[in-house]
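Topology and contacts: notes
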Amino acid sequence: MATEEGEKMEAVAFSFPLEVRPGATRVGWIGIGVMGGAMAGRLLAAGYAVTAYARTPAKADSLVAAGARLAGSPAAVAAASDVVFTMVGNPGDVRAVVLDAATGALAGLRTGGVLVDCTSSSPSLAREVAAAARAAGCHAVDAPVSGGDVGARDGALAILAGGDEAVVAWLAPLFAHLGRPTYMGPPGSGQSSKIANQIAAAGAVVGLGESLAFADAAGLDERQFLGAVSKGAAGSRVMDLFGERALSRDFASGGAVRYIIKDLGMALEVGDDQEEVNVLPGSALYRQMFSAMVANGDGDLCLQGLITVVERLNGIRNVPVHTPYVFHPQKSSVVSTERMAAPGSIGLLQVQSFAAAKCRPVAVSRRPVFAVRASAASAATKDAVLRPFRENRALKIISGLQNFDRNNVASVVTAADKGGATHVDIACDQDLVKLALELTNLPICVSSVDPSAFQSAVEAGAQMIEIGNYDSFYEEGIEFSSEQILTLTRETRKMFPDITLSVTVPHTLSLPDQTRLAELLEEEGADIIQTEGGKCSSPTKPGVLGLIEKATPTLAAAYSISRAVGIPVMCASGLSSVTAPMAVTAGAAGVGVGSAINKLNDVVAMIAEVRSIAEALGTSSRNVSEDLRTVHH
């Protein structure tokens, strides 16, 4: 007990407002990514004792090798620290690692301790954290940083600090090893400053990418051009950091583009009172262009990769012959050298190309597009694919747009086949299609938001294609407008005039806008409209009432849309054996179920769940006991 008291006294002795110094002040660090790892490493090298937490412990190996301690939770880090820094991905991560009542940093921080959040996060969340810290007898500073991985490595970051000015000043010895701090104002001011910083940085990155693409298309020596203008009014820190990387096709150095998409999204958010609307047309365009990187499959690349979007817009692809992109060994991303959108395409948005003197477009050979492979056409015609919808008994089991785990996909397909489903929906991958065809005779649907990605999957035997499964994009802060969905539908129908085409109407649109979009999609040749519910909808009631509450958004959409269009409507998101029959009653011709099946770890349990939904819909006709015995064997 005496030891515990001694540790507590030692912890309090070096908390605010007593002097910060190496060997005495204990530092905690939560989040060991590209930026966080470099920043924590600098404090460790300066002589501060560092206790770290990482969701992936292997990321902390280099810090541990240099002398840091690894803790099992954010609360454990805080219990061993006087100052706790957080550098995580997004506001949801901040809330989890700081405010969780059991494992959050604030739960373990002693009185007088200081929280410093370096994440680019929400100003309102920063104020909430500051209030919670104050109630606990602690202090909180929001201190997002700017300067990229180079600034983090060199200790040259711009630190934008909000909170109690005295606490920010007290942190100066620690900040000195990370960069140059500037006090911006009360809690939340640091985060607001970072969002404004990101607007300026995004514009500079877009300008850099377009200027380099124009210079190249005009026949200029790009490096000579960059060296010349960087000394003039066009020069900037962005140009210094990212210019050479863009020219050398090094798109892996720096932070992933998904983070600036998040930051620009916060700039465009509507305030709680619905009157705090920021009219920022430039920011909206920048966010759309960075979002196009994600839509093109380049979401893990860094900001300088924006030049690839400009190149796709103009149908040019001037890259080294053998190594179009430079990747670091620790990066697992792979980008195809052949995959590019059509000229004038920004992934999801059509815009007019610029014309530059001596423009040197790269010719792209395209294979003939076959609507359906001959063997697939003989096995399941479009009429057969649509028949269950016309009979109001369609049950589609969804494995997920981003699910490329062959074992999991095989389990989901098997469950659909044995459980009595009528269709199965998998990621748009030709190898997965071939795998599914070995396991079932059910029609195979593939999902994507890239029309060109359907080609190989259709040739492999997919009988139905779907523009949808947007959940993975919502997690990145990316939403789809009606215009984008219509553009995707036109492109897809032009490429595949005869195949069954399903299009999902985003739940992020208002119900009247969803209905109007569905009508326009029918005019553009969609065969099926799929609805979705809010991904973040959390029922407030338990049991059956909770299941009904969770399904309400998609049921409402199905009811409204089915009365406005003459094509089948499929109801998806948040459905169960309880609510699936309600969907049909509401006007749906069938239901799509994904998470209720995917969350199960056992194929037998998956089959049982599919069977329960099929029986609720009245589509079941097989002997489930026999099927279960077959799977067990």
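Because the structure is predicted, anything quoted here is derived from the model rather than measured. (Residues numbered from 1 in each chain as written. Predicted model: local features only at pLDDT ≥ 70, side-chain atom pairs only at ≥ 80, totals over all residues. Heavy atoms only, no water.)

**As for the environment of S448**
The topology assignment puts S448 in strand β12 (residues 444-448). Sequence-wise, S448 and N469 are 21 residues apart; in three dimensions their C-alpha atoms are separated by 7.5 Å. Leaving out residues up to four positions away in the same chain, S448 has contacts with L401, C428, A453, F454, E466, I467 and G468. Here the side chain of S448 touches D450 through a polar contact of 3.0 Å, landing on its backbone nitrogen. (Helix = DSSP H or I, 4+ residues; strand = E, 2+ residues; numbered from the N terminus. Contact = heavy atoms within 4.5 Å. Polar contact = N/O pair within 3.5 Å; in protein donor to acceptor, adjacent residues only side chain to side chain.)

**Looking at the packing of helix α23 (residues 482-495) against helix α24 (residues 511-523)**
In contact at an axis separation of 10 Å, α23 and α24 are set at 15 degrees when each is read in the N-to-C sense. As far as their axial angle goes, α24 and α23 are roughly parallel. Helix-helix and strand crossings are classified by hand; for α23 and α24 the assignment is right-handed. Contacts from S482, I485, L486 and T489 in α23 reach L517, L520 and L521 in α24. Per-class residue counts for the contact of α23 with α24 are 5 nonpolar, 2 polar and no charged. (Axes fitted to C-alpha atoms, helices over the stretch in contact; angles between N-to-C directions. Parallel < 35°, antiparallel > 145°, perpendicular 65-115°, else oblique. Left-handed = near helix turned anticlockwise from the far one by under 90°. Nonpolar A, V, L, I, M, F, W, Y, C, P; charged D, E, K, R; others polar.)

**A word on helix α18 (residues 382-390)**
Burial in α18 covers these residues: V385, L386, P388 and F389. Along the long axis of α18, the arc covered by the buried residues comes to 145 degrees, so they all point the same way. If you follow the buried residues of α18, they end up packed against β10 (394-398), β11 (423-427), β13 (464-467), β14 (500-504), β15 (528-531) and β16 (569-572). One or two steps after α18, the chain reaches N392, where phi turns positive at roughly 55 degrees. (Buried < 20%, exposed > 50% of the residue type's maximum accessible area, 1.4 Å probe, protein only. Arc of directions from axis to C-beta.)

**Re the side chain of S121**
Along the polypeptide, S121 turns up in the loop between β5 (114-117) and α7 (123-135). Note on S121: relative accessible area 1%, which makes it buried. Contact partners of S121, with chain neighbours within four places excluded, come to P91, V94, Q191, I195 and M266.

**Comments concerning unusual backbone geometry**
Positive phi outside glycine occurs at R249, with the angle close to 65 degrees. Topologically, R249 is positioned in the loop between α13 (237-247) and α14 (257-267). On the basis of relative accessible area, R249 is assigned to the buried category, the value being 3%. At N392, a residue that is not glycine, the phi angle is positive and equals roughly 55 degrees. Checked against the element boundaries, N392 lands in the loop between α18 and β10.

**A word on α14**
Along an α-helix, residues three or four positions apart point the same way, because every turn accommodates 3.6 residues. Burial within α14 is extensive, with 9 of its 11 residues counted as buried. Turning to α14, its buried residues number three or more, namely V257, I260, I261, K262, D263, L264, G265, M266 and A267. Where α14 is buried, its residues touch α5 (91-99), α11 (189-217) and α15 (281-295).

**Quick look at the sheet that holds β16**
Paired through backbone hydrogen bonds, the strands of a sheet run either parallel or antiparallel to each other. An order of β10-β11-β12-β13-β14-β15-β16-β17 is seen for the 8 strands of this closed barrel, with the pairing classed as parallel. Looking at each pair of strands side by side, their axes are set apart by 25 degrees on average, direction ignored. Where β13 lies against β14, 4 bridges are found, and the strand directions are parallel. Along β14, the bridge assignment pairs E466 with S502. Packing of helix α28 (residues 603-617) onto the sheet brings it into contact with β10 and β17 (590-593), and relative to β10 it is tilted by some 160 degrees. (Pairing = 2+ DSSP bridges.)

**Here's the deal with the side chain of S230**
Relative to the elements of secondary structure, S230 occurs in the loop between α12 (222-229) and α13. Here the side chain of S230 touches G227 through a polar contact of 3.1 Å, landing on its backbone oxygen. Within the structure, S230 has its side chain in polar contact with the side chain of K231 (distance 3.4 Å). Excluding anything up to four places from it in sequence, S230 contacts G235 and M239.

**Some details on the confidence of the model for the protein chain**
Confidence in the prediction of the protein chain, expressed as mean pLDDT, is 80, and 80% of residues score 70 or more. Contacts from residues 1-13, a stretch scored under 50 in pLDDT, to residues over four places away or in other chains number 6 contacts. Confidence drops under pLDDT 50 across residues 621-633; counting only partners more than four residues distant or on other chains, this segment forms 16 contacts. (pLDDT = per-residue confidence, 0-100.)

**Things to note about the environment of V385**
Structurally, V385 can be placed in helix α18. With 59 residues separating them in the primary sequence, V385 and I444 have C-alpha atoms 9.1 Å apart.

**Brief notes about the nonpolar core**
The biggest cluster of nonpolar side chains holds 103 residues, and the ones touching the most others in it are F290, L395 and I426. Of the residues forming this core, the biggest block, 7 residues, is contributed by α11. Among the nonpolar cores identified, the runner-up in size contains 36 residues, and W29, L44, Y48 and A161 belong to it. (Core = buried A, V, L, I, M, F, W, Y, C linked by side-chain atoms within 4.5 Å.)

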